[in-house]
Amino acid sequence: TILHEEGLIPTAIIGFVGQIFCATCVNKSGLFVEFNNGMPSGGFETNHNVEESLLIRLLHITQNSSTLDQFDKKISPSSPADYSLVVNVVNVTHTGAFEFSAGQGIMRKTNFTHNEIIASANSFSHPDWTLKPTDEQCWFGHSRRDNLVEQVQNFPVLSPKNLTSVMDIDLKEGGG
């Protein structure tokens, strides 16, 4: 679904039919936003006391941000999250990860260099988190993330064909 609201940056929602939140979004300015469920790392609590769900807030922020810096300024670390999420934001030159813990009521941010290979799964990667779930507790998120980073090292350019071959590798065989 592509939203063309007056005064806002046109934004595509990529997800299931009927889904009206930013699970995966890309806007006309080239800002790509996607999330992974972070409950294994950030706690399985759900905070029902927030005014606006983080899922909806991500869509609004994406519709109002043409750069990663603008997105960064609009997403507040002090705003409570209703779900624990790993939110990844990418544009042509920058990559950032925002890890929200509903249980701890905080967010941690990591910026990456643009030539750094990163992968995201259902586990927090910021070193300051006190919760350290095992691989089994985070749906093998550590292994999936590490395996993906290892697998893409084999390609000088990560084309759709190469990425498809990486994603087809089973976890037991070193895949994601």
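Check the entry above for the structure.
Note that the coordinates shown come from a computational prediction; the quantities given were computed from them, not determined experimentally.

Each value, and the rule that gives it
Residues numbered from 1 in each chain as written. Predicted model: local features only at pLDDT ≥ 70, side-chain atom pairs only at ≥ 80, totals over all residues. Heavy atoms only, no water. 1 Å grid on protein atoms, 1.4 Å probe; cavity = no way out; pocket = protein on both sides within 12 Å on 5 of 7 lines; lining within 4 Å. Points joined across faces, edges and corners; volume = space filled by probe spheres on them. Helix = DSSP H or I, 4+ residues; strand = E, 2+ residues; numbered from the N terminus. Phe/Tyr/Trp six-rings, centres within 6.5 Å; stacked < 30°, edge-to-face > 60°. Buried < 20%, exposed > 50% of the residue type's maximum accessible area, 1.4 Å probe, protein only. Lys, Arg positive; Asp, Glu negative; His and termini not counted. Salt bridge = Lys/Arg side-chain N within 4 Å of Asp/Glu carboxyl O. Polar contact = N/O pair within 3.5 Å; in protein donor to acceptor, adjacent residues only side chain to side chain. Contact = heavy atoms within 4.5 Å. Pairing = 2+ DSSP bridges.

What to know about the layout of surface pockets
Here the largest pocket is characterised by a volume of approximately 1000 Å³. For the largest pocket, the lining is made up of 31 residues, of which Ile118, Ala119, Ser120, Leu158 and Leu163 are closest to its centre. Of all the secondary structure elements, the ones that give two or more residues to the lining of the largest pocket are β4 (32-37), β5 (85-90), α4 (141-152) and α5 (160-167).

Some details on the packing of aromatic side chains
In the structure shown here, the tally under the stated rule is 4 aromatic pairs. A ring pair is formed by phenylalanine 44 and tryptophan 139, whose centres lie 6.3 Å apart and whose planes are at 75°; its orientation type is edge-to-face. Separated by 95 residues along the polypeptide, phenylalanine 44 in the loop between α1 (39-42) and α2 (54-63) and tryptophan 139 in the loop between β7 (106-112) and α4 bring together distant segments of the chain. Of the residues examined, tryptophan 139 reaches a relative accessible area of 40% and is grouped as partly exposed. Seen in terms of ring centroids, phenylalanine 124 and tryptophan 129 are 4.6 Å apart; in terms of plane orientation they differ by 35°. Their pairing is tilted. With relative accessibility at 9%, the residue phenylalanine 124 sits in the buried group.

Let's talk about the side chain of arginine 145
Position of arginine 145 among the secondary structure elements: in helix α4. Although arginine 145 is buried, it forms no salt bridge, and the closest oppositely charged side chain is aspartate 146 at an N-O distance of 4.2 Å. Of note is the side chain of arginine 145, whose polar atom sits 2.9 Å from the side chain of serine 123. Beyond its immediate sequence surroundings of up to four residues, arginine 145 is in contact with Ala119, Ser120, Ala121, Ser123, Phe124 and Ser125.

Description of the sheet that holds strand β1 (residues 2-3)
Taken together, the 7 strands give an open sheet; going across it, the order is β1-β2-β3-β4-β5-β6-β7, and neighbouring strands pair in antiparallel fashion. If you trace the sheet from one side to the other, it starts and ends with β1 and β7, each paired once. With 3 bridges joining them, strand β3 (residues 24-27) and β4 adopt antiparallel strand pairing. When the sheet's bridge partners are listed, cysteine 25 is paired in β4 with valine 33.

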